[in-house]
Amino acid sequence: MPGGKLVVIDLDVRDGRLANVQLSGDFFLEPDSALHAINAALEGQPEQASETALADAVLDALPPDVMMYGLSPQAIAVAVSRALHREAEA
């Protein structure tokens, strides 16, 4: 994330949908339960979803009191896109 922290997404693709999504990196979330909400929001998203759609899914899943430090829904969406691109190359 520009000016932020390391953002990493590990995932699988099953039947054209994201599976086993795990967000990690050098960032902070308050409350900690927001990490589960982000992973759950991405789980099952279409493999061909746009970065905007992925960022919106993350944003919609988070309650308004969540604080993200060194992280944004857009940065998460970019990390998903990069993970999918890497997987396609393998």
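Look a little higher up for the structure.
Residues numbered from 1 in each chain as written. Predicted model: local features only at pLDDT ≥ 70, side-chain atom pairs only at ≥ 80, totals over all residues. Heavy atoms only, no water.

Participant: Sorry, what's going on with a nonpolar patch on the surface here?
Facilitator: On the surface, F28, M67 and Y69 cluster together to form a nonpolar patch covering roughly 310 Å² of accessible area. Relative to the assigned elements, M67 resides in strand β4 (residues 67-69). The exposure class assigned to M67 is partly exposed, which follows from its relative accessible area of 40%. (Patch = residues over 30% accessible without salt bridge, like charges linked within 9 Å, V, L, I, M, F, W, Y side chains within 5 Å. Areas by Shrake-Rupley, 256 points an atom, 1.4 Å probe, with all protein chains shown as cover. Salt bridge = Lys/Arg side-chain N within 4 Å of Asp/Glu carboxyl O. Helix = DSSP H or I, 4+ residues; strand = E, 2+ residues; numbered from the N terminus. Buried < 20%, exposed > 50% of the residue type's maximum accessible area, 1.4 Å probe, protein only.)

Participant: What is the right way to look at the pairing of strand β2 (residues 17-25) in this model?
Facilitator: Two faces make up the sheet, and in a regular strand the side chains alternate between them. Pairing of strand β1 (residues 7-14) with β2, which is carried by seven bridges, proceeds in the antiparallel orientation. From the neighbouring strand, V8 faces β2, where its bridge partner is S24. Here β1 folds back onto β2, and the loop between the two strands holds two residues, one of which, D15, carries a positive phi near 50 degrees. (Pairing = 2+ DSSP bridges.)

Participant: Would you explain helix α1 (residues 34-42) in this entry?
Facilitator: In an α-helix, one turn spans 3.6 residues; hence positions three or four apart end up facing the same way. Regarding α1, the residues found buried are A34, A37, I38, N39, A41 and L42. G44 sits one or two positions beyond α1 and adopts a positive phi of about 90 degrees.

Participant: Please explain unusual backbone geometry as it appears in this structure.
Facilitator: Generally, phi is negative for residues other than glycine and the peptide bonds are trans, each holding for most cases. A cis amide bond, omega -5 degrees, links E30 with the succeeding residue P31. As for its placement among the helices and strands, P31 is situated in the loop between β3 (28-30) and α1. Non-glycine residue D15 carries a positive phi angle of around 50 degrees. In this structure, D15 sits in the loop between β1 and β2. Looking at D15, the relative accessible area reads 81%, which means it is exposed.

From the geometry alone we can't say anything about function, so treat these as descriptive.
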